[in-house]
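Next come the chains, spelled out residue by residue.
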There are 2 protein chains.
Amino acid sequence: MDIKEKFGLKVKKLREIKELSIEHLANISDVDRNYISDIEKGKRNVSIIIIEKIIHALDTDLATFFNDKSFKK
Amino acid sequence: MDIKEKFGLKVKKLREIKELSIEHLANISDVDRNYISDIEKGKRNVSIIIIEKIIHALDTDLATFFNDKSFKK
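Residues numbered from 1 in each chain as written. Chains lettered and ligands numbered in written order. Predicted model: local features only at pLDDT ≥ 70, side-chain atom pairs only at ≥ 80, totals over all residues. Heavy atoms only, no water.

1. Re the environment of Ala57 of chain B
Residues and elements named next belong to chain B. Just so we agree on the cut-off: The helix count covers DSSP runs of H or I at least four residues long, the strand count covers runs of E at least two residues long, and both are numbered beginning at the N terminus. Working definition: with a 1.4 Å probe on protein chains only, accessible area under 20% of the residue-type maximum means buried, over 50% means exposed, and in between means partly exposed. Residues are treated as being in contact if the distance between any of their heavy atoms lies within 4.5 Å.
Relative to the helices and strands, Ala57 resides in helix α4 (residues 48–57). Residue classification places Ala57 among the buried positions, given a relative accessible area of 15%. When the C-alpha positions of Ala57 and Ala26 are compared, they lie 8.8 Å apart, and in sequence the two are 31 residues distant. Residue contacts for Ala57: discarding those within four places in its chain leaves Leu25, Ile28 and Ser29.

2. Some details on the nonpolar core
Keep this limit in mind: Residues belong to one nonpolar core when they are buried, are Ala, Val, Leu, Ile, Met, Phe, Trp, Tyr or Cys, and are joined through side-chain atoms within 4.5 Å.
With 46 residues, the main nonpolar core has Phe7 and Phe66 of chain A together with Phe7 and Phe66 of chain B as its most contacted residues. Phe66 of chain A has contacts with Phe7, Ile51, Ile55 and Phe71 of chain A together with Leu62, Ala63 and Phe66 of chain B, leaving out every residue within four places of it along the chain.

3. Considering helix α4 (residues 48–57) of chain A
Among the 10 residues in α4 of chain A, 7 count as buried, and that is most of the element. Of the positions making up α4 of chain A, those classed as buried are Ile48, Ile50, Ile51, Glu52, Ile54, Ile55 and Ala57 of chain A. Buried residues along α4 of chain A sit against α1 (3–17), α2 (22–29), α3 (33–40) and α5 (62–65) of chain A together with α1 (3–17) and α4 of chain B. After α4 of chain A finishes, the residue Asp59 of chain A shows a positive phi value of roughly 65°.

4. A short note on the UniProt feature "domain: HTH cro/C1-type" (unreviewed entry) in chain A
Stated precisely, the cut-off is as follows: UniProt positions are given in the numbering used here, feature names are shortened, and annotations may be inferred rather than shown by experiment.
Sites flagged by UniProt as "domain: HTH cro/C1-type" (unreviewed entry) map to residues 11–65 of chain A. For residues 11–65 of chain A, the helix share is 67%, the strand share is 0%, and the end-to-end C-alpha distance is 9 Å.

5. A few points about the interface of chain A and chain B
Short version of the rule: Defined here as a combined quantity, buried area equals the accessible surface (1.4 Å probe) lost by two parts on assembly, summed across both. Salt bridge, as used here: a side-chain nitrogen of Lys or Arg that lies within 4 Å of a carboxyl oxygen of Asp or Glu. Polar contact is defined as a pair of N or O atoms within 3.5 Å, subject to the rule that within protein one atom must be able to donate a hydrogen and the other to accept it, and that residues adjacent in sequence are counted only when both atoms are side-chain atoms.
Listed by partner, the interface residues are 22 residues for chain A and 22 residues for chain B. At the boundary of chain A with chain B, total buried surface from both sides reaches about 2000 Å², with 66% on carbon and sulfur atoms. Ionic pairing is found between Asp59 of chain A and Lys73 of chain B, a salt bridge with its closest N-O pair at 3.1 Å. The interface formed by chain A and chain B contains 16 residue pairs in polar contact (both at pLDDT 80 or more).

6. A word on the packing of aromatic side chains
Note the following rule: Pairing of aromatic rings covers Phe, Tyr and the six-membered ring of Trp, with a centre-to-centre limit of 6.5 Å; geometry is then stacked below 30 degrees between planes, edge-to-face above 60, and tilted otherwise. Think of it as a cone above the ring: NZ of Lys or CZ of Arg counts as a charge over the ring if it is within 6 Å of the ring centre and within 35 degrees of the ring normal.
Evaluation of the coordinates by the stated rule reveals 11 aromatic pairs over all chains. Considering the side-chain rings of Phe66 of chain A and Phe66 of chain B, the 4.8 Å spacing of their centres and the 20° angle between planes classify their relative orientation as stacked. Residue Phe66 of chain A is located in the segment after α5, and its partner Phe66 of chain B is located in the segment after α5 (62–65); the two belong to separate chains. The same class applies to Phe66 of chain A as to Phe66 of chain B, namely buried. On the numbers, 4.9 Å between centres and 75° between planes, the contact of Phe66 of chain B with Phe71 of chain B is edge-to-face. Each member of the pair, Phe66 of chain B together with Phe71 of chain B, is buried. Connected via pairs of aromatic rings, a cluster forms that spans Phe7, Phe65, Phe66 and Phe71 of chain A together with Phe7, Phe65, Phe66 and Phe71 of chain B. Over the aromatic face of Phe65 of chain A sits the side chain of Lys10 of chain A, whose NZ or CZ is 5.0 Å from the ring centroid.

7. Quick word on the packing of α1 of chain A against α4 of chain B
Formally: Geometry is summarised by axes, namely lines fitted to C-alpha atoms with helices restricted to the contacting stretch, and by angles between N-to-C directions that run from 0 to 180 degrees. Reported orientations rely on four angle classes, namely roughly parallel under 35 degrees, roughly antiparallel over 145, roughly perpendicular from 65 to 115, and oblique for the rest. By the definition used in this description, the sense in which the near helix is turned from the far one sets the handedness, with an anticlockwise turn below a right angle giving left-handed and a clockwise turn giving right-handed.
Relative to each other, α1 of chain A and α4 of chain B sit at 115°, their axes nearing to 9 Å. Comparing the axis directions of α1 of chain A and α4 of chain B gives the class roughly perpendicular. You can see that α1 of chain A and α4 of chain B cross each other, and the crossing is right-handed. On α4 of chain B, the residues that touch Ile3, Lys4 and Phe7 of chain A of α1 of chain A are Ile48, Ile49 and Glu52 of chain B.

This is the structure we're talking about:
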């Protein structure tokens, strides 16, 4: 699995744990809903600004988000 | 400090700890040296693929790289 797919899966997992729809996450992160949908499918090479927007909207931070075995070597 | 600047500072700090020149980091990460120079200055909205290339070239992983107080809320 490449890094785009790993990132997308973690976003989807956290979004579902928080019981947010893609539309709701789009609204609170100020990222387009179609773009979020593509991110979750691993199709987007997201930038660090978008990464931060989504992670903050999921009520976490980069340190916590990436502290996951899927982001370890 | 915005996320582009925080990321750049951490890259520069790790590169210097490892006593790598920008040129050497550019070679092992396969990222252009001028682009790395701009990243370290906080000027680039880097993508997750570039983030991964640089972090792996610095011999670490995303979990470890972002586990830093500057990336916490």
